[in-house]
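An overview of the molecular structure
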Amino acid sequence: MRNYRKNIGLKRHVLVVDDELINREILGNLLKADYEVHFAEDGQQALDILRARDHIYSLILLDLLMPVMDGFQLLSILKEDDRLRSVPVIVMTSEKDAEVRSIKMGASDFITKPYDMPEVILARCERIIELQEDKSIIHAAEKDHLTGLYTRDFFTEYIRQIESYKPERKMDVMVLNVDHFHLINELYGREQGDQVLICIANTLSRLFERLQGIGCRPSADYFYMYCENGTDYEALFRTLKEDLNSKLPSANVRLRLGVYQDVDKSLTPENWIDRAQAACDRIRGDYSRHTEYYSNEFYEKTKYQEKLINDIDGAIAAKDLIVYYQPKYDITGDRPALRSAEALIRWKHPELGMISPGDFIPLFENNGLIQKLDRYVWQEAAQQVASWKKNFGVSVPVSVNVSRMDIYDPKLRDDFKSLLDRYHLETRELMLEITESAYADNADQLVNVTEELRSDGFMIEMDDFGSGYSSLNMLTSIPLDALKMDMKFIRNMQKDEKSMKLVELVMDIAKFLQVPVIAEGVETEEQLKLLKARGCDIIQGYYFSRPVPPEEFTKFIS
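All of the points below concern the structure found in this document. Note that the coordinates shown come from a computational prediction; the quantities given were computed from them, not determined experimentally.

The rules we used
Residues numbered from 1 in each chain as written. Predicted model: local features only at pLDDT ≥ 70, side-chain atom pairs only at ≥ 80, totals over all residues. Heavy atoms only, no water. Helix = DSSP H or I, 4+ residues; strand = E, 2+ residues; numbered from the N terminus. Rg over C-alpha atoms; globule rule 2.2 N^0.38 Å. Buried < 20%, exposed > 50% of the residue type's maximum accessible area, 1.4 Å probe, protein only. Areas by Shrake-Rupley, 256 points an atom, 1.4 Å probe, with all protein chains shown as cover. Lys, Arg positive; Asp, Glu negative; His and termini not counted. Charge placed at Lys NZ, Arg CZ, Asp CG, Glu CD. Pairing = 2+ DSSP bridges. Axes fitted to C-alpha atoms, helices over the stretch in contact; angles between N-to-C directions. Phe/Tyr/Trp six-rings, centres within 6.5 Å; stacked < 30°, edge-to-face > 60°. Salt bridge = Lys/Arg side-chain N within 4 Å of Asp/Glu carboxyl O. Patch = residues over 30% accessible without salt bridge, like charges linked within 9 Å, V, L, I, M, F, W, Y side chains within 5 Å. Contact = heavy atoms within 4.5 Å. Nonpolar A, V, L, I, M, F, W, Y, C, P; charged D, E, K, R; others polar. Expected span 1.5 Å × (residues − 1). Polar contact = N/O pair within 3.5 Å; in protein donor to acceptor, adjacent residues only side chain to side chain. Bend = angle between axes of the 7 residues up to and from the residue.

Per the secondary structure count, the protein includes 23 helices and 19 strands. Against the globule reference of 24 Å for 558 residues, the protein gives a C-alpha radius of gyration of 37 Å, more extended than a compact globule. A burial count over the protein gives 48% of its 558 residues as buried. Split by element, the accessible area of the protein, about 28300 Å² in all, is 49% carbon and sulfur. Separation between the mean location of the 71 positive side-chain charges and that of the 94 negative ones in the protein comes to 3 Å.

Pasting the structure below:
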């Protein structure tokens, strides 16, 4: 800013208030090279000038002994005026006692008469102006304008200061989020949304005094709190909800709390916030809980997941991700016959060893990386089908998963067409498995996509049928070529009659739809016989084989 003012020739405005002409001239000549200097002969005249043009003055040089209104009277008025109290005042006096009194009344500094050291006067003027400007900037940046809570940078800096005073004190950090805050703005208007934020801030501010903490609003719908260890966060949550319900009953606000208790003092305040934030984000979308606490176990899991996320690209490039194949057998004839296979991903990590798909597939489904994983599997599976076809002279179709994220991709059909063209495959050789949970997310989109894919010639299998999202409307809407029965039915069908009845119901539904049933998770001959007796068409499971790498799968083709 200093360089900017210098480059454009911008001068600050200074008001000199003194009843003696000689003093006004001395100060005017001293300051005019660096400032635009204005003059007043007494306190009342100065007050009139200030009230008319208070926004332009950077400094007041004030004599104390003047007629009409003296300097002490003017200082008293300026101190009580919200607009004028921010203008710094340097008192000009030769009385030692007056110096102390004027400082207590709000003066920033004093200059001793007579003015025999001009360099000192200029230096003090510059220092006071810059201190006041810095203070104004800090004041503007320190607090969130809507709620009055600290901004993030000041919040973390004040934590450091507090920690330097009492480093031995046990402290917590809490992150609070207003879930789906954008919907409040959309449904009730931005003014109502602001009222929600103000209500939360006021409640937290009231609690800070009792909990000996400080608060922050770093962004639109997040709040941070730094407070003493041992805080009752369930009681805090109830207080917040009660205040919101009493003041804004129509808002229907849902809150999430993430708490990092007894923070590790070897880490930075930013690290503490990140850990509380991770706990808060962990229960996003989980309506059964409103508070989550960070723990070492949680930290290790989060660190593990972050490593998987960071390593996915390298794993694809190095082919540490290996596609295994589990055979599917047609059991409608006298003896089972290989019908097709399902592509299943495995991760052989160079540091972590074999990683369970249960560790990374749900993780990638939540963060969108599943699309990258799916396309890798599609490419590997298509290449493998082409290889078997070339080496054995037979086609073994392979089922690949199409996740919910893939359904929203407008390039999905083009990607599959490009893949088939590259490996000279037909659509029947790459079958597509879609989980029925995708129907619950966006039924219309799923119906449109499956219709388009079937029109291209692809066979569509409904995976995990009966796992909890099924509806008769879905079955009548989505064009299907096969139903894959959820393996939990198979595991339990010999244990209780209800599970067996559900198996029979799925068989009846498939018969009505005139599509085959694929039973997953078949492990025993008895299960196979029961399923065959009830009309099951295709079996997949450990009875025939676990998922195996491509080189082991060749024995089934041979």
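What follows picks up the thread again.
Attention now moves to the sheet that holds strand 7 (residues 214-219). One open sheet holds the 5 strands; their spatial order is 7-8-6-9-10, and the pairing between them is mixed. The two strands at the open ends of the sheet, each matched to only one other strand, are strand 7 and strand 10 (291-293). Each neighbouring strand pair of the sheet contributes to a mean axis angle of 20 degrees, computed without reference to strand direction. Pairing of strand 9 (residues 255-260) with strand 10, which is carried by 3 bridges, proceeds in the parallel orientation. For V259, the partnering residue across the bridge sits in strand 10 and is Y293.

Every second residue of strand 17 (residues 482-485) is oriented toward a common face, with A482 and K484 on one face and L483 and M485 on the other, all of them buried. Direction of pairing for strand 16 (residues 460-465) relative to strand 17: parallel, over a ladder of 3 bridges. Directly across from M462, in strand 17, lies its bridge partner L483. Bridge analysis of strand 17 against strand 18 (residues 517-519) gives 3 bridges, and the strand direction is parallel. The partner of M485 across the bridge, within strand 18, is A519.

This next bit is on unusual backbone geometry. Where the residue is not glycine, phi is negative for most of them; where a peptide bond is considered, it is trans in most cases. The backbone phi angle of H180 is positive, close to 55 degrees, even though this residue is not glycine. By secondary structure assignment, the location of H180 is in the loop between strand 6 (171-178) and helix 8 (181-188). We note that D262 has phi near 45 degrees; this positive angle belongs to a residue other than glycine. Assignment of secondary structure puts D262 in the loop between strand 9 and helix 11 (269-282).

Take the packing of aromatic side chains next. Two aromatic rings are characterised by how far apart their centres lie and by the angle between their planes. Under the defined criterion, the tally for this structure stands at 16 aromatic pairs. Relative to Y224, the ring of F155 lies with its centre 6.0 Å away and its plane at 50 degrees, an arrangement referred to as tilted. Here Y224 lies in strand 8 (residues 222-228) and F155 lies in helix 7 (residues 152-165), a separation of 69 residues in the sequence. On the numbers, 5.5 Å between centres and 80 degrees between planes, the contact of W347 with F360 is edge-to-face. Of the two residues, W347 sits in strand 12 (residues 337-349) while F360 sits in helix 13 (residues 357-367), which places them 13 residues apart along the sequence. An aromatic cluster of at least three residues, connected via ring pairs, comprises Y325, W388, F553 and F556.

Here we come to the pattern of salt bridges. For the coordinates displayed, the defined rule picks out 42 salt bridges. Among the salt bridges present, the one from K319 reaches E380, with a minimum N-O distance of 2.7 Å. Taken together, the residues span a long stretch of sequence, with K319 in the loop between helix 12 (296-318) and strand 11 (321-330) and E380 in helix 14 (residues 370-392) at a distance of 61 residues. Overall, E380 belongs to the buried group, its relative accessible area being 15%. Of the charged contacts, one joins K328 and E433 as a salt bridge, the two residues approaching to 3.5 Å between their closest N and O atoms. Within this pair, whereas K328 is found in strand 11, its partner E433 is found in strand 15 (residues 430-435), the two being separated by 105 residues in sequence. Each member of the pair, K328 as well as E433, is classed as buried. Because the salt bridges share partners, they merge into one network encompassing K328, E342, E433, E461, K484 and E520.

Further remarks concern the sheet that holds strand 5 (residues 109-112). On the basis of which strands lie adjacent, the open sheet formed by 5 strands has the order 2-1-3-4-5 and parallel pairing. Only two strands of the sheet have a single neighbouring strand rather than two, namely strand 2 (35-40) and strand 5. Ignoring which end each strand starts from, the neighbouring axes of this sheet average 25 degrees apart. Here strand 1 (residues 12-17) pairs with strand 2 via 6 bridges, running parallel. Note on strand 2: the bridge partner recorded for V17 is A40.

A contiguous nonpolar surface patch, about 300 Å² in accessible area, is contributed by L183, L187 and Y188. Looking at the element boundaries, L183 is found in helix 8. Judged by its relative accessible area of 36%, L183 falls in the partly exposed class.

Attention shifts here to the packing of helix 7 against helix 11. Two elements in contact, helix 7 and helix 11, have axes whose closest approach is 9 Å; the angle formed by their N-to-C orientations is 115 degrees. Across the interface between the two elements, R152, F155, T156, I159, R160 and E163 of helix 7 pack against P269, E270, W272, I273 and D274 of helix 11. Residues belonging to the contact of helix 7 with helix 11 are distributed by class as follows: 5 nonpolar, 1 polar and 5 charged.

Here the focus is helix 9 (residues 190-211). Taking 1.5 Å of rise per residue, the 22 residues of helix 9 would be expected to cover 32 Å, and the 31 Å separating its terminal C-alpha atoms lies within 8% of that figure. Those residues of helix 9 that are buried lie in contact with strand 6, helix 8, strand 7, strand 8, helix 10 (233-247) and strand 9. A positive phi of about 55 degrees marks Q212, the residue just after helix 9.

What follows concerns the side chain of T231. For T231, the position within the fold is in the loop between strand 8 and helix 10. You can call T231 buried: its relative accessible area is 10%. For T231, the side chain forms a polar contact with the main-chain oxygen of E228, separated by 2.8 Å. In this structure, T231 is in contact with D172, L211 and L236, ignoring residues within four places of it in sequence.

Between its terminal C-alpha atoms helix 12 stretches 32 Å, which fits the 33 Å expected from 23 residues at 1.5 Å a residue. The largest bend in helix 12 amounts to roughly 45 degrees and is located at D311. The set of residues buried in helix 12 consists of F298, L308, I312 and A315. Where helix 12 terminates, the next one or two residues include K319, which has phi positive at roughly 60 degrees.

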